[in-house]
Amino acid sequence: MLSNRVRVIDLETAGDGPHDVCEIGWQDVALGADGLWEVTAERGAFLVNPGRPISADTMAVHHIRDEDIAGAQYWKDIAPSVLKPDGGVVTLAAHRASFEQRYCRPRLSAGAQWICTWKCALRLWPDLPRFSNQMLRYQRKPAGLVHEIGLPAHRAMPDAYVTAHHLRDMLNEASLDQLIAWSVEPGLLPRVPTGPDRGKGWDQLSVAALTEFAASRDADLRFSAQTEMRRRQLASTSELEPAQRPLL
């Protein structure tokens, strides 16, 4: 039987290398008997030995030191126990999940699907001004989030705990399949994030500006501009069609 549990993952790293994880944290969200999703008591974290010194840049973010991880297990040995827990998961989740997916390879996670709560927040709450994990925390003030459990920020378990509250609310607004589908696509940005049109909705852009964004190397910019172009094309086609087709 398929699990009704989604496991939220957060990683801290020693740098940008392929095996640089120095901490993994998790928080589960499960479907309750009342048909609503809820944040459970199942959470935790493990320090991980990245096999090399932690960079000063990343140490300044999460404050995990080389001496803290000296006796910890290596990533390949510890990851499966978190990513493939007893009882299974219906999917994994993370905020800006592409980062976690760089390290949580399919062979470690049994090929689990992922939900990206950043991409889903763009879809469900487009009127919010910013979409980082911590900004969503203070903009939305999710019910039941215990402030102290969500601290310190930039440590794996507290960050996963915060993300799980966003995910719970998302799952109670949209279906699991819909969140997965949005997560597969690039991010649909609600507003232009850069340049002279920064802050404008895509529907306010000129054709020339929209065309330029549609050719961007940034996948999220390109997807957002192309989505608006398709919307305009559909609207134009709809206006050209007669209200009622002739019977003969």
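The structure we're discussing is the one just above.
Residues numbered from 1 in each chain as written. Predicted model: local features only at pLDDT ≥ 70, side-chain atom pairs only at ≥ 80, totals over all residues. Heavy atoms only, no water.

**So, the pattern of salt bridges**
Enumeration over the complete set of coordinates arrives at 14 salt bridges. Across the pair Asp 28 and Arg 7 runs a salt bridge, and its minimum N-O distance is 2.7 Å. Highlighted residues: Asp 28 in strand β2 (residues 21-31) and Arg 7 in strand β1 (residues 5-13), separated in sequence by 21 residues. Owing to a relative accessible area of 3%, Arg 7 belongs among the buried residues under this scheme. In this structure, Arg 7 engages Glu 42 in a salt bridge whose closest nitrogen and oxygen atoms are separated by 3.9 Å. Here the residue Arg 7 occupies a position in strand β1, and Glu 42 occupies one in strand β3 (residues 37-47), the gap between them amounting to 35 residues. What makes Glu 42 partly exposed here is its relative accessible area of 37%. (Salt bridge = Lys/Arg side-chain N within 4 Å of Asp/Glu carboxyl O. Helix = DSSP H or I, 4+ residues; strand = E, 2+ residues; numbered from the N terminus. Buried < 20%, exposed > 50% of the residue type's maximum accessible area, 1.4 Å probe, protein only.)

**Quick word on the sheet that holds β2**
One open sheet holds the five strands; their spatial order is β3-β2-β1-β4-β5, and the pairing between them is mixed. Sheet topology places β3 and β5 (114-116) at the edges, where each strand pairs with a single neighbour. For this sheet the average axis-to-axis angle between neighbouring strands, irrespective of direction, equals 25°. Where β2 meets β3, eight bridges bridge the pair, whose relative direction is antiparallel. Bridged to Trp 26 within β3 is Gly 44. (Pairing = 2+ DSSP bridges. Axes fitted to C-alpha atoms, helices over the stretch in contact; angles between N-to-C directions.)

**Structural notes on the packing of helix α6 (residues 133-140) against helix α7 (residues 156-171)**
Describing two packed helices takes the angle between their axes plus the distance from one axis to the other. Two elements in contact, α6 and α7, have axes whose closest approach is 10 Å; the angle formed by their N-to-C orientations is 55°. The angle between the axes of α6 and α7 places the two elements in the oblique class. The chirality of how α6 crosses α7 is left-handed. Taken together, the residues of α7 that come into contact with α6 (itself represented by Asn 133, Gln 134, Leu 136, Arg 137 and Arg 140) are Asp 159, Val 162, Thr 163, His 166 and Asp 169. (Parallel < 35°, antiparallel > 145°, perpendicular 65-115°, else oblique. Left-handed = near helix turned anticlockwise from the far one by under 90°. Contact = heavy atoms within 4.5 Å.)

**Topic: the side chain of Asn 49**
Within the secondary structure layout, Asn 49 lies in the loop between β3 and α1 (56-62). Of note is the side chain of Asn 49, whose polar atom sits 3.5 Å from the backbone oxygen of Ala 70. Setting aside residues no more than four positions away along its own chain, Asn 49 makes contact with Val 21, Ile 69, Ala 70, Ala 72, Gln 73, Tyr 74 and Trp 75. (Polar contact = N/O pair within 3.5 Å; in protein donor to acceptor, adjacent residues only side chain to side chain.)

**Brief notes about unusual backbone geometry**
A cis amide bond links Leu 151 to the next residue, Pro 152, at an omega of 0°. Relative to the helices and strands, Pro 152 is located in the loop between α6 and α7. Phi is positive for Lys 141, close to 50°, though the residue is something other than glycine. Take Lys 141: it is sitting in the loop between α6 and α7. Take Lys 141: its relative accessible area is 63%, and that puts it in the exposed class. One non-glycine residue, His 154, lies in positive phi territory at about 70°. Assignment of secondary structure puts His 154 in the loop between α6 and α7.

**Describing helix α8 (residues 176-184)**
Of all the positions in α8, only Leu 176, Leu 179, Ile 180, Trp 182 and Ser 183 are classed as buried. Each buried residue of α8 lies within a common arc of 165° when the element is viewed along its axis, so the set occupies one face. Facing away from the buried side of α8 by more than 90 degrees, the exposed set consists of Asp 177 and Val 184. The elements touched by buried residues of α8 are β1, β4 (91-94), β5, α5 (117-124) and α7. (Arc of directions from axis to C-beta.)

Just geometry here; none of it tells us what the structure is for.
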